[in-house]
Structure formats: C-alpha cells, structure tokens
Protein chains: 2
Amino acid sequence: MSARLDAQIAFLKEADHLKAVLRASRLLDDSRFENSAEHSWHVMLYALVLVEHSAEPVDIARVLKMLLLHDIVEIDAGDAPIHGDVDHAAKAAAEEAAAERLFGLLPDDLQHEFKSLWVEFEAEETPESRFAKAIDRMPTPITNLELGGGSWIDYNVTLEQLDHRVGVPINGGAPGVWGWLRPKLESWFHRNGRA
Amino acid sequence: MSARLDAQIAFLKEADHLKAVLRASRLLDDSRFENSAEHSWHVMLYALVLVEHSAEPVDIARVLKMLLLHDIVEIDAGDAPIHGDVDHAAKAAAEEAAAERLFGLLPDDLQHEFKSLWVEFEAEETPESRFAKAIDRMPTPITNLELGGGSWIDYNVTLEQLDHRVGVPINGGAPGVWGWLRPKLESWFHRNGRA
Ligand SMILES: [Ca+2]
C-alpha cells in the first residue's frame, strides 16, 4: 500500500499547481483574476445548486467528479480564454499530453478512471458532460454583468459571439438557466452599444 | 422559476467571497497563503483519490458534497487556524449564524439540504463525515513537510499537538493514510528538535 499511497500523494501534490493557473475571468469584487482551482470549486457549487435545471436527469456524483478534474490539464497546457484566439488542434494536443503526464502520476486504475471522466467531459456526448459544460460557462457572464463587462471588454466580445460560445452549451445543458440569463445579457449588450 | 433562480444565483455570487478567505497554510511552492475556495477544491480531489483508504465504506457523492460546502461559513466567520488559540464556543456560534445567513440565501429545500450536510460534517458521527474530516486534515502536513515546517513553525507546533489535532481525525477516518504519514512527521519533528 505504501507505493500506491506514494503515487496518490505525488499526484495530489502536483495538482497544487492548478492554484497558480490564472484565468481571464475576475473575482466578483474585481480584486484580481481567478485561478483555475478556485474556479473548479465554484463550478461544482454551481452544479450542486442548479442540478434541477439540467436538460436531462444526471448523476450528480459524476458531474461533480468531472468538474473536479476538468481543468487539471491546465497545469501543463495553460488556460485558453474562451474569447481568445485559440489554435484548437494545438490546444487539444497539449491537453492530451497533459492528461497523460498528470493522470499518469496515479496508479493505473485511478489514471484510467480520471482520464475517462476528462475525455467524457470534453466529448459532451452524455447528459452529465452536457450539464457540466453548461455549468462551466455560467460564472463568467454572471461576474461580467456585475463588473460592467469584465472579460467582454478585454476581448471585445459581441452578443452574437456570446450566444455561440456561451449560449449554445448553456442552452444545451440547462435551457431554463439560459432563458433566465439571456435577457440580462441582451439588455447589457444593447445598453453598452455592443449588439 | 425566475424567483427561484434569482435566489440560487444570489447564493452562488455570495459564495465567491470564499476565494478571499485566507488560511494559515501555504501553497506548495510557498508563493502565498492558500484561500478556502481552492483548499475546498483540493480536499475534494484528495477525497476522490484516497477514498479506498476510508475506514468505513462511504458514499463518495455525500463526501464530495460535504467538502464542497464545509468552509462556506468562513465567508462570515473567518478561518480559525487549527493550531491557533480558538474560543470554541464563540467559533461555533459565529459559524452557526453564518450558516443561517449564507444557506438562507437559497430556496428553503436547498437551504435545509446544505445546512444538514454541513451539520453532519461538523458532528463527525457518520462514515462520510469521519472520512471527510480526515481528508480535510491531510494537505497541510503534506505541504508543511515539503516547505520545511510551514505553519508548524508559525504556530510553534509539537508532535504531540499534531498527533492530537491531526492524527486523531486522520487515524479515525483513514487509518492507512495515517500509518503512511505518521513516520514522516515523527522523523521531521525529531530532525528539527521539536519532539
Ligand atoms: Ca477545511
């Protein structure tokens, strides 16, 4: 059991670095940018609170596990801002290599379990992954509405882009939430001459 | 549904403040103190990786939910360092008031569900709460061993105090993990003339 625990703890120590990966989104008090570890905690809380709004019935344990693991690849691959210029093939390759190295620190059974959950999340082909992807898109618009634009200003985002990048996944996984959010976004973009 | 979503999002926005609650523990790279939101993410990862070491069979979904919620009261009550001087009655009263206000932002059903999970965690009377409490104690000793003492130096902690404050809960919830950790702690405290 000792070698197994050595490997488990080695992975948990390496995971600490997610606390140093900064995102394009800010805290709600505008004091600093958000890191991917605290973001992961926050989206799990979003999932637990909003699970009744899922488009399909979901196993909340699997949703929480996916969101717990979903950004760990960023330790090696970095965070790709949703509104930034991204080479999607290069990003996918970097994240695949990161998943191999990082989950590879674990004993084989856990490596395969975690890798599978991450692959499932990225593929968005199951009810849990569709809901988890919807939830992952929620906090930034909520924060940007509060902060007078936030990363929408930084990346010069239009309502049409937001409908595509944020609306499609949220509406797919949690349509009632999108129905609640969309009028607030439309109102903000119109008021600010950006739509 | 709109009033219900208003309340759910109000709670999720308030929860953002957990990212500004600083703990006595540091990041593993010693760059800064850790906040309670990223700590909550990290202990959920510890739980998922180490669940096989639980003293009793546990429902991992309930463990993850408890750890997701366990520090939210700190938004109002602050973090009480485990090795600091604490007035336990005053702390319990402050956290109870915090749970009322914070979970009270939610619709009644969710308020009661979350409050119950937090009360269960604090009472440590179920397999899930005993394992979750054990896991909550794990990251700081791992980090302190790596950093040449960390908060043990700041708070002038002895091995005897550590056996009581950290060893009792870890050994209760995950005895195999304590069997792995204890010799490393003993060795460090002896090498550093603190035991
Ligand atoms: Ca804790």
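The rules we used
Residues numbered from 1 in each chain as written. Chains lettered and ligands numbered in written order. Predicted model: local features only at pLDDT ≥ 70, side-chain atom pairs only at ≥ 80, totals over all residues. Heavy atoms only, no water. Contact = heavy atoms within 4.5 Å. Buried area = accessible area lost by both parts, 1.4 Å probe. Salt bridge = Lys/Arg side-chain N within 4 Å of Asp/Glu carboxyl O. Polar contact = N/O pair within 3.5 Å; in protein donor to acceptor, adjacent residues only side chain to side chain. Helix = DSSP H or I, 4+ residues; strand = E, 2+ residues; numbered from the N terminus. Nonpolar A, V, L, I, M, F, W, Y, C, P; charged D, E, K, R; others polar. Expected span 1.5 Å × (residues − 1). Buried < 20%, exposed > 50% of the residue type's maximum accessible area, 1.4 Å probe, protein only. Core = buried A, V, L, I, M, F, W, Y, C linked by side-chain atoms within 4.5 Å. Least-squares fit on C-alpha atoms with pLDDT ≥ 70 in both. Donors = N, O, S within 2.8 Å, 3.2 Å for Na, K, Ca; no water. Phe/Tyr/Trp six-rings, centres within 6.5 Å; stacked < 30°, edge-to-face > 60°. Lys NZ or Arg CZ within 6 Å of the ring centre and 35° of its normal. Lys, Arg positive; Asp, Glu negative; His and termini not counted. UniProt positions renumbered as here; feature names shortened; annotations may be inferred.

Between chain A and chain B, the contact holds 49 residues from the first and 49 residues from the second. With both sides pooled, the region where chain A packs onto chain B buries about 4,600 Å², and carbon together with sulfur makes up 73% of that total. When the buried surface of chain A facing chain B is broken down by residue, A:L12, A:K19 and A:W41 rank first, second and third, together holding 16% of it. Here chain A is connected to chain B by six salt bridges. A:K19 is paired through a salt bridge with B:E34; the nearest N and O atoms lie 2.7 Å apart. Where chain A packs against chain B, one counts 28 residue pairs in polar contact (both at pLDDT 80 or more). Residue assignment for the side of chain A that touches chain B shows that the elements contributing at least two residues are α1 (2–14), β2 (33–35), α2 (36–50), α3 (60–69), α6 (108–123), α8 (139–146) and α11 (175–191) of chain A. It is α2(A) that contributes the most residues to the side of chain A that touches chain B, 11 residues altogether. Here the residues of the side of chain A that touches chain B are counted per class, giving 30 nonpolar, seven polar and 12 charged.

Take the side chain of A:R23 next. Residues and elements named next belong to chain A. Within the secondary structure layout, R23 lies in strand β1 (residues 22–26). Within the structure, R23 has its side chain in polar contact with the side chain of S25 (distance 3.1 Å). A distance of 3.4 Å separates a polar atom in the side chain of R23 from a polar atom in the side chain of H39. Contacts of R23, omitting those with residues within four sequence positions, involve F33, E34, N35, S36, H39, D71, D79 and T140.

All right, on to helix α1 (residues 2–15) of chain B then. Here α1(B) contains 14 residues, and its C-alpha end-to-end distance of 20 Å stays within 8% of the 20 Å for a straight helix at 1.5 Å per residue. Burial in α1(B) covers these residues: B:L5, B:A7, B:Q8, B:I9, B:F11, B:L12 and B:A15. As for α1(B), its buried residues are in contact with α2, α8 and α11 of chain A together with α4 (74–77), α5 (88–103) and α6 (108–123) of chain B.

Another point: the nonpolar core. In summary, soluble globular proteins display a tendency toward joint burial of nonpolar side chains. In this structure, A:I72, B:W41 and B:I72 are the most contacted members of the largest nonpolar core, which totals 114 residues. When sequence neighbours within four positions are dropped, the list of residues in contact with A:I72 reads A:F11, A:L18, A:L102, A:F103, B:W41 and B:L45.

The next thing to look at is the environment of B:R194. Residues and elements named next belong to chain B. Along the chain, R194 falls in the segment after α11 (175–191). Its relative accessible area of 23% is what places R194 among the partly exposed residues. The spacing of R194 and D79 is 115 residues in sequence and 26 Å in space, taken between C-alpha atoms. Discounting chain neighbours no more than four positions away, the residues touching R194 are W152, I153, N156, V157, T158, L159, W188 and F189.

Rotating chain A by 180° about the axis while translating it 0.0 Å along that axis superimposes it on chain B, leaving an RMSD of 0.0 Å. These values place the two chain copies in the arrangement generated by a two-fold rotation axis. Measuring from the rotation axis to each C-alpha of chain A, the shortest distance belongs to A:E38, at 2.1 Å. Both copies contact each other with a shared surface, as 100% of the interface residues of chain A are interface residues in chain B too.

Time to look at the coordination of the calcium ion. All names here are of chain B. Those protein atoms acting as donors to the calcium ion are H39 (NE2), H70 (NE2), D71 (OD), D136 (OD) and D136 (OD), and they sit at 2.2 to 3.0 Å. Counting residues between consecutive donors of the calcium ion along the chain gives the motif H-x30-H-D-x64-D. Placement of H39 in helix α2 (residues 36–50) and of D71 in the loop between α3 (60–69) and α4 is noted, with a sequence separation of 32 residues between them. Grouping residues by exposure puts H39 and D71 together as buried.

Moving on, we come to the packing of aromatic side chains. All chains considered together, the criterion is met by 12 aromatic pairs over all chains. Between the NZ or CZ atom of A:K184 and the centre of the ring of A:W180, over which it lies, the distance is 4.4 Å.

Attention now goes to the side chain of A:D71. Within the buried set, A:D71 has no salt-bridge partner at all; the shortest N-O distance to an opposite charge, 4.4 Å, is to A:R23. Ignoring anything within four residues of it in the chain, the contact list for A:D71 reads A:L18, A:R23, A:S36, A:H39 and A:S40.

This paragraph deals with the UniProt feature "domain: HD" (unreviewed entry) in chain A. UniProt marks residues 15–178 of chain A with the feature "domain: HD" (unreviewed entry), using the numbering shown here. Helix makes up 62% of residues 15–178 of chain A and strand makes up 5%, while its end C-alpha atoms are separated by 32 Å.

Take the pattern of salt bridges next. All names here are of chain B. By the definition in use, this model includes 42 salt bridges over all chains. Between R4 and D109 there is a salt bridge, with the nearest N and O atoms lying 3.0 Å from each other. Remark: D109 occurs in helix α6 and R4 occurs in helix α1; sequence separation between them is 105 residues. Since its relative accessible area comes to 26%, R4 is described here as partly exposed. Put simply, D163 and R182 hold a salt bridge, and the shortest N to O gap is 2.7 Å.

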